[in-house]
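Remarks on the overall topology
Single-letter residue listing:
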Amino acid sequence: MRRMLLAALLLAAAPVCAEPWPTRPLTIMSGFPNGSGIDIYARMLAEPLSRVLETPVVIDNRVGAGGNVASELVAKSRPDGGLVLFGTAGTHAINAALYARLNFNVLDDFAPVTLLADVPNVLLVSPTQRPQYQTCADVIAAAKAAPGKLNYASTGNGASTHLAGAQFAMAAGIDVVHVPYRGGPFAMTALLTGEVDFFLHQTGPAIGPWQQGQVRALGVTLRQPLAAMQGVPTMEMACSLPGFESTTWYGLFFPARTPEALVRRLNEAVVAIVRDPAFSARLVAQGLAPLTSTPEAMRAQQIADMAKWREIVQRSGARAE
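Bear in mind the structure is a predicted one, so any value in this text is a computation, not a measurement.

1. Digging into the confidence of the model for the chain
Regions with low pLDDT should not have their predicted coordinates read in detail. Per-residue confidence for the chain gives a mean pLDDT of 90; residues scoring 70 or more make up 93%. Summarising per-element confidence for the chain, the mean pLDDT is lowest in helix α1 (residues 2–13) (38) and highest in helix α5 (residues 136–145) (98). Ignoring residues within four places in sequence, the model shows residues 1–18, a span with pLDDT below 50, making one contact including any to other chains.

Right, dumping it as structure tokens:
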């Protein structure tokens, strides 16, 4: 009896451990390929998140239809905490305007968790394939001299790289041809081999090739220069386009009807990681602006961006294939 009492007292005095994550492992699904900006961030997040949740975290990239393949899989998955989508403003704001029909509802079929980052783009050209493009003004002049002849790569119909290019064309008053590829690595290869004239890529995966001299960066789509790409002007300055800016966001989504306790727990874990100074510095080095939110604030941002991007899609005439 005394031993049983002692054991009970020791258990009562022991620290309370967090409940294990209900599904092992936690899978972060994205609709974009290895080496894309989303893939880079997801893999950065997976290791610290696995430690915080005390469960394996794996990455599953299901590429296709501008991210819609992965979105549909998550929307129709069991809401048990086993699968979370690494979504974007493209998958959850732009695609609703770009595609005539989706097999899911970007609002009703998802539970927002948190925003992860603000994501700018950068105008890239190949210094070997297009040496004549030294500045953004050179690209604009060439496009005006030959309407409909220059083309630009994107990471897929409806991606931020697609609409950033469309915004650039509208603002500059140029007629250029959009060429979609199945993700950033394929679009970058097209740029480096001369298949396309320019590419408005996300800054994260563009920094490495820029630092190595493989690409020339002509302007970032922010209203202020980017710390991670010192010396690269803003598009507003380089292209003489007053007020030009084009940014999107990354964020996490559970399937709808995921228990609120799981949504809150993942939110708290991810927010703590992203706000950690060391992790935040890694994001800044990738050209991203660290960002977190409550689930409610993320939903409000999504709704506002759906209206904003619908107008841009309509003005640009962009359509999904």
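From this point, things continue past the structure.
2. Some remarks on unusual backbone geometry
Despite not being glycine, E54 has its phi angle at roughly 55°, a positive value. Mapped onto the fold, E54 is located in the loop between α2 (37–53) and β2 (57–61). A residue is classified by how much of its surface remains accessible, and E54, at 55% relative accessible area, is exposed. In this structure, A65 takes a positive phi of about 55° despite not being glycine. Relative to the helices and strands, A65 resides in the loop between β2 and α3 (68–75).

3. Structural notes on the packing of aromatic side chains
Scanning the model with the defined rule gives ten aromatic pairs in all. With centroids separated by 5.8 Å and ring planes inclined at 85°, the aromatic side chains of F104 and F110 adopt a geometry described as edge-to-face. A single burial state applies to F104 and to F110, both of which are buried. Considering the side-chain rings of W249 and F253, the 6.4 Å spacing of their centres and the 40° angle between planes classify their relative orientation as tilted. F253 carries the same exposure label as W249, and that label is buried. Three or more aromatic residues joined by ring pairs make a cluster, and in this case those are Y41, F86, Y250 and F279.

4. Some details on the environment of N34
Locating N34 in the fold gives a position in the loop between β1 (26–30) and α2. For the pair N34 and A228, spaced 194 residues apart in the sequence, the C-alpha separation amounts to 22 Å. With sequence-adjacent residues up to four places away left out, N34 is seen in contact with D39, R43, N61 and P185. Side-chain polar atoms of N34 contact the side chain of R43, separated by 3.3 Å. Of note is the side chain of N34, whose polar atom sits 2.7 Å from the side chain of N61.

5. A few points about the nonpolar core
L123, V139, F168, I174, V176 and F198 are the most contacted members of the largest nonpolar core, which totals 49 residues. For this core, the element with the most residues is helix α6 (residues 160–172), which contributes six residues. Among residues more than four places away in sequence, those in contact with V176 are A143, L150, Y152, A169 and F198. L45, A46, V113 and A269 belong to the second largest nonpolar core, which has 34 residues in total.

6. Observations concerning the side chain of D197
Along the chain, the position of D197 falls in the loop between α7 (184–192) and β7 (198–202). Polar side-chain contacts of D197 include one of 2.6 Å to the side chain of R130. Engagement of the side chain of D197 in a polar contact is seen with the backbone nitrogen of N151, the distance being 2.9 Å. Setting aside its immediate chain neighbours within four residues, D197 contacts L124, V125, R130, Y133, K149, L150, N151 and L191.

7. Quick look at the packing of α6 against helix α12 (residues 295–316)
Contact geometry for α6 and α12: axes closest at 10 Å, N-to-C directions at 60°. Regarding the angle of α6 to α12, the classification is oblique. Seen along the crossing, α6 lies across α12 with a hand that is left-handed. Together, L163, A166, Q167 and M170 of α6 and W309, I312, V313, R315 and S316 of α12 make up the contact between the two elements. Looking at the contact of α6 with α12, its residues break down into six nonpolar, two polar and one charged.

8. Considerations on the packing of α2 against helix α10 (residues 260–275)
Contact pair α2 / α10: the axes reach a minimum separation of 10 Å and the direction vectors enclose 115°. In terms of crossing hand, the pair formed by α2 and α10 is right-handed. On the side of α2, the interface is formed by Y41, L45, P48, L49, V52 and L53, while α10 contributes R265, L266, A269, V270, I273 and V274. Classifying every residue of the contact of α2 with α10 gives eleven nonpolar, no polar and one charged.

Conventions we followed
Residues numbered from 1 in each chain as written. Predicted model: local features only at pLDDT ≥ 70, side-chain atom pairs only at ≥ 80, totals over all residues. Heavy atoms only, no water. pLDDT = per-residue confidence, 0-100. Helix = DSSP H or I, 4+ residues; strand = E, 2+ residues; numbered from the N terminus. Contact = heavy atoms within 4.5 Å. Buried < 20%, exposed > 50% of the residue type's maximum accessible area, 1.4 Å probe, protein only. Phe/Tyr/Trp six-rings, centres within 6.5 Å; stacked < 30°, edge-to-face > 60°. Polar contact = N/O pair within 3.5 Å; in protein donor to acceptor, adjacent residues only side chain to side chain. Core = buried A, V, L, I, M, F, W, Y, C linked by side-chain atoms within 4.5 Å. Axes fitted to C-alpha atoms, helices over the stretch in contact; angles between N-to-C directions. Parallel < 35°, antiparallel > 145°, perpendicular 65-115°, else oblique. Left-handed = near helix turned anticlockwise from the far one by under 90°. Nonpolar A, V, L, I, M, F, W, Y, C, P; charged D, E, K, R; others polar.

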